[in-house]
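Observations on the model geometry
Residue strings, one per chain:
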Amino acid sequence: MERTFGIIKPNAFADGNSGKIISRIYEEGFKIVGLKKLYLSKVEAEGFYYVHKDRPFFDELTEFMSSGPCVVMVLEAENAIQKWRDLMGATNPAEAAEGTLRKEFGASLGENATHGSDAPETAAFEIGYFFSGLELL
Ligand code: CMP
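Report on the accompanying structure. Keep in mind the model is a prediction, meaning the values are calculated, not measured. (Residues numbered from 1 in each chain as written. Predicted model: local features only at pLDDT ≥ 70, side-chain atom pairs only at ≥ 80, totals over all residues.)

A tally of regular secondary structure across the protein chain gives 7 helices and 4 strands. Computed over its C-alpha atoms, the radius of gyration of the protein chain comes to 14 Å, within 12% of the 14 Å expected for a compact globule of 137 residues. Expressed along its principal axes, the backbone C-alpha trace of the protein chain runs to roughly 35 × 35 × 25 Å. If you take every contact in the protein chain between residues at least 6 apart in sequence, the share linking residues at least 24 apart comes to 69%. (Helix = DSSP H or I, 4+ residues; strand = E, 2+ residues; numbered from the N terminus. Rg over C-alpha atoms; globule rule 2.2 N^0.38 Å. Contact = placed C-beta atoms within 7 Å.)

Taken together, Phe57, Glu60, Leu61, Thr91, Leu109, Gly110, Asn112 and His115 form the complete shell of residues around the ligand. Among the residues forming the shell around the ligand, the class breakdown is 3 nonpolar, 4 polar and 1 charged. (Near = placed C-beta within 6 Å. Nonpolar A, V, L, I, M, F, W, Y, C, P; charged D, E, K, R; others polar.)

Quick look at the pairing of strand E1 (residues 2-8) now. With 6 of its 7 residues buried, E1 lies for the most part within the structure. Here E1 runs beside strand E3 (residues 70-77); their pairing, made up of 7 bridges, is antiparallel. By the bridge assignment for E3, Phe5 is matched with Val74. As paired elements, E1 and strand E4 (residues 114-116) share 3 bridges and run antiparallel to each other. (Buried ≥ 20, exposed ≤ 12 C-beta atoms within 10 Å, placed from the backbone. Pairing = 2+ DSSP bridges.)

This brings us to the environment of Lys103. Positionally, Lys103 belongs in helix H6 (residues 101-105). Classification of Lys103 as partly exposed rests on a count of 18 C-beta atoms within 10 Å. Placed 14 residues apart in sequence, Lys103 and Gly89 show a C-alpha to C-alpha distance of 7.1 Å. In this view, Lys103 contacts Gly89, Pro93, Ala96, Ala97 and Glu98; residues no more than four positions away in its chain are not counted.

Another point: unusual backbone geometry. Its identity as a non-glycine residue notwithstanding, Asn79 has a phi of 55°, on the positive side. You can see Asn79 is positioned in the loop between E3 and helix H5 (80-88). On the neighbour-count criterion, Asn79 (11 C-beta atoms within 10 Å) is exposed. The phi angle at Ala113 is positive, at roughly 75°, despite the residue not being glycine. Mapping Ala113 onto the fold places it in the loop between H6 and E4.

Shown next as structure tokens:
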């Protein structure tokens, strides 16, 4: 079993799509071993996306991620990292396949509804950024 980290981003939360996204997560066979709703500060969003700090979209991204509540999750499944990326679809909703979360709920490259870890090391950092071991059940 593998664990990955996911976010239901502020646009998807504000649009009332958190429940639909969580239903899809269960339907696809994940266990949700950690889940909480947060309203990130700009500094907290910057810390999370630190790896992108030199990218031109860093300020826009962290402004958006701190613009409203989001849901952070730890998902468990066989091959969870790739499985969650497949369910989300391409980063840009305009390029995402039919049936993926970003196609259905994403509005733009920045407001793309969900986030997911891209590798085991990233998942370990991202899970640890938001959850203690005691919170993962
Ligand atoms: P995410 O999976 O959260 O990882 C980093 C995010 O940066 C990505 O999804 C996009 O939402 C965002 N992103 C990537 N490229 C751009 C861009 N060119 N302009 C704005 N946001 C971007």
